[in-house]
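Here is how the chains run, residue by residue.
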There are 2 protein chains.
Amino acid sequence: MTGTLYGLGLGPGDPELVTMKAHRLLKAVSVIAYPAPDHGTSFARSIAAEYLPGTQKEIPIVVPMRVERFPARAVYDTAAAEIAGHLDASEDVAVLCEGDPFFYGSFMYLFERLARRFPCEIVPGVSSIMAGAASMRRPIAARNDVFSVIPAPLETPAIERRLDACDAAAIIKIGRHFARIRDILERRGLMASAGYIERIGLANERILPLAQIDPEQVPYFSLALVYRGAEKWIADRAADANAEGART
Amino acid sequence: MTGTLYGLGLGPGDPELVTMKAHRLLKAVSVIAYPAPDHGTSFARSIAAEYLPGTQKEIPIVVPMRVERFPARAVYDTAAAEIAGHLDASEDVAVLCEGDPFFYGSFMYLFERLARRFPCEIVPGVSSIMAGAASMRRPIAARNDVFSVIPAPLETPAIERRLDACDAAAIIKIGRHFARIRDILERRGLMASAGYIERIGLANERILPLAQIDPEQVPYFSLALVYRGAEKWIADRAADANAEGART
């Protein structure tokens with residue numbers, strides 16, 4: 001009997017947004033693995049920290065930041081081999097994932113290496129898009145709206161084309177692309193229907209009108225939500241949220 | 001002091017996919033409100049049922065099926081007035097929401113009626129799209145993919161235009177539109193990169209290749225995921241999932 005590999009979605013950052021199922025498995029597995037930076041603590045592990053029994057084996061998967069846009073094959077090969085060793089020894093392994101494992105997550109690089117050889121279960125998690133909308137008190141989409149997730153690193157014409165083809169959008173991975181994204185939204189008359197949030201659900205979460213953001217200060221994990229044609233009542237809500245200064 | 005209104009995302013149906021936060025609030029509030037059908041039980045309430053203390057006041061919000069595509073103003077006006085009565089009496093009220101409250105949810109009809117008058121907090125939930133992908137063991141999107149949610153009731157040219165503008169898509173609300181959606185995917189050569197699931201996470205969940213589905217038997221809550229350009233390894237995974245006959 002081999003162990004089971006779990007892709008464990010932990011949600012956007014607030015430990016209370018972990019699901020009951022992820023909570024149960026975090027306490028039950030023998031081994032946890034998680035993405036970690038070169039220096040400092042793992043964000044995924046920090047979400048789970050208060051639920052961990054403290055007796056588990058841990059596998060930090062260190063992916064150097066400079067290759068963020070291309071999976072570091074050797075890193076995932078090595079991590080997969082180490083995880084496979086535990087699974088072969090009948091130990092269950094949970095890979096801790098920020099947000100949801102299959103929604104723009106790096107878990108799929110382990111999944112493609114291990115899922116054919118071992119039992120594998122994916123536990124879905126709350127996406128930072130839903131959590132960002134909740135903090136901003138802005139509906140994402142309704143009824144027969146087309147909603148698109150558009151990564152900011154795409155080229156400007158590609159972003160514009162995709163924005164034009166939807167009713168509502170989440171622009172992700174903004175970081176150093178902020179000024180360009182803001183200009184795109186401005187040219188399309190979408191500033192009034194857009195909201196901006198960074199560090200969703202964390203103590204230093206920030207919600208501000210796009211026009212007030214310093215492009216030099218935008219972190220990679222930031223998000224803009226656009227809801228075309230719903231400017232009026234969204235603007236009302238955003239004003240409420242901003243007046244409060246932070247999440248409720 | 002008025003009570004607080006909570007928009008409580010409960011996830012796609014499996015009670016274990018409720019978050020720790022929703023779980024805490026389900027036990028703490030004085031009043032719960034939830035959408036309910038004309039006849040039979042409320043799906044949202046059924047997700048929460050095992051966590052409820054059994055001592056709360058309950059407000060079923062009965063929205064007649066025939067007006068599903070247009071909010072029944074009178075129904076929400078009445079429900080909002082009843083909820084407001086409890087909030088005025090310093091009672092906290094949780095509105096139980098399938099999936100996430102702000103992602104194609106009916107909670108926003110109560111939110112727009114009540115959020116300016118009372119403290120309101122949105123608790124995000126796991127979307128059925130993420131849960132469907134987990135059950136199907138199919139990644140939704142990665143890296144700089146554009147991902148779109150496309151409601152099946154849209155007209156065929158609109159669906160085609162939106163499909164062409166993304167790398168990955170979730171087609172929602174399929175129901176009686178199944179044959180038309182299948183034909184669209186077939187004409188675009190997307191059958192091999194599409195997966196289909198219905199009744200996500202429930203005991204009668206079903207995952208089948210699109211070509212094997214009887215169009216007369218498709219429920220409203222069904223989902224097709226398309227991941228363009230990732231046919232090969234998704235097909236492998238889908239074959240695994242189908243061989244198992246159900247979710248792992």
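Scoring rules and cut-offs
Residues numbered from 1 in each chain as written. Chains lettered and ligands numbered in written order. Predicted model: local features only at pLDDT ≥ 70, side-chain atom pairs only at ≥ 80, totals over all residues. Heavy atoms only, no water. Helix = DSSP H or I, 4+ residues; strand = E, 2+ residues; numbered from the N terminus. Buried < 20%, exposed > 50% of the residue type's maximum accessible area, 1.4 Å probe, protein only. Contact = heavy atoms within 4.5 Å. Areas by Shrake-Rupley, 256 points an atom, 1.4 Å probe, with all protein chains shown as cover. Buried area = accessible area lost by both parts, 1.4 Å probe. Salt bridge = Lys/Arg side-chain N within 4 Å of Asp/Glu carboxyl O. Axes fitted to C-alpha atoms, helices over the stretch in contact; angles between N-to-C directions. Parallel < 35°, antiparallel > 145°, perpendicular 65-115°, else oblique. Left-handed = near helix turned anticlockwise from the far one by under 90°. Nonpolar A, V, L, I, M, F, W, Y, C, P; charged D, E, K, R; others polar. Phe/Tyr/Trp six-rings, centres within 6.5 Å; stacked < 30°, edge-to-face > 60°.

Caption draft 1: Spotlight on the overall build of chain A. When helices and strands are counted, chain A shows eight helices and ten strands. Residues classed as buried in chain A amount to 60% of the 248 residues present. Taking the contacts inside chain A whose residues are at least 6 apart along the sequence as the reference set, 71% of them involve residues at least 24 apart. Of the accessible surface of chain A, which amounts to about 10,000 Å², a share of 52% is contributed by carbon and sulfur atoms.

Caption draft 2: Representation of the interface of chain B and chain A. Counting from both sides, the interface comprises 63 residues of chain B and, opposite them, 63 residues of chain A. Of the roughly 5,500 Å² buried where chain B meets chain A, counting both sides, 58% is carbon and sulfur surface. Of all residues in chain B, B:Met20, B:Arg143 and B:Asn144 bury the most surface against chain A, accounting for 13% of the area lost on that side. Between the two partners, chain B and chain A, sit two salt bridges.

Caption draft 3: Summary view of the packing of helix 3 (residues 73-88) of chain A against helix 4 (residues 107-114) of chain A. Residue and element names in this part refer to chain A. At their nearest, the axes of helix 3 and helix 4 sit 10 Å apart, and the two run at 55° to each other. The orientation of helix 3 with respect to helix 4, classified from their angle, is oblique. Here helix 3 and helix 4 pass one another in a crossing that is right-handed. Contacts from Arg 73, Tyr 76, Asp 77, Ala 79, Ala 80, Ile 83 and Ala 84 in helix 3 reach Tyr 109, Leu 110, Arg 113 and Leu 114 in helix 4. Partitioning the contact of helix 3 with helix 4 into residue classes produces eight nonpolar, no polar and three charged.

Caption draft 4: Summary view of unusual backbone geometry. Residues and elements named next belong to chain B. We note that Arg 137 has phi near 55°; this positive angle belongs to a residue other than glycine. Topologically, Arg 137 is positioned in the loop between helix 5 (128-136) and strand 6 (147-151). Despite not being glycine, Lys 173 has its phi angle at roughly 60°, a positive value. Within the secondary structure, Lys 173 is located in the loop between strand 7 (168-172) and helix 7 (178-187).

Caption draft 5: Looking closely at the packing of aromatic side chains. Residue and element names in this part refer to chain A. Considering all chains together, one arrives at 16 aromatic pairs over all chains under this definition. Ring geometry for Phe 107 versus Phe 111: centroids 6.1 Å apart, planes at 50°, classification tilted. With Phe 107 and Phe 111 both in helix 4, this residue pair falls four residues apart, about one helical turn. The same class applies to Phe 107 as to Phe 111, namely buried. Three or more aromatic residues joined by ring pairs form one cluster here, namely Phe 102, Phe 107 and Phe 111.

Keep in mind that these numbers describe shape and distance, not what the molecule does.
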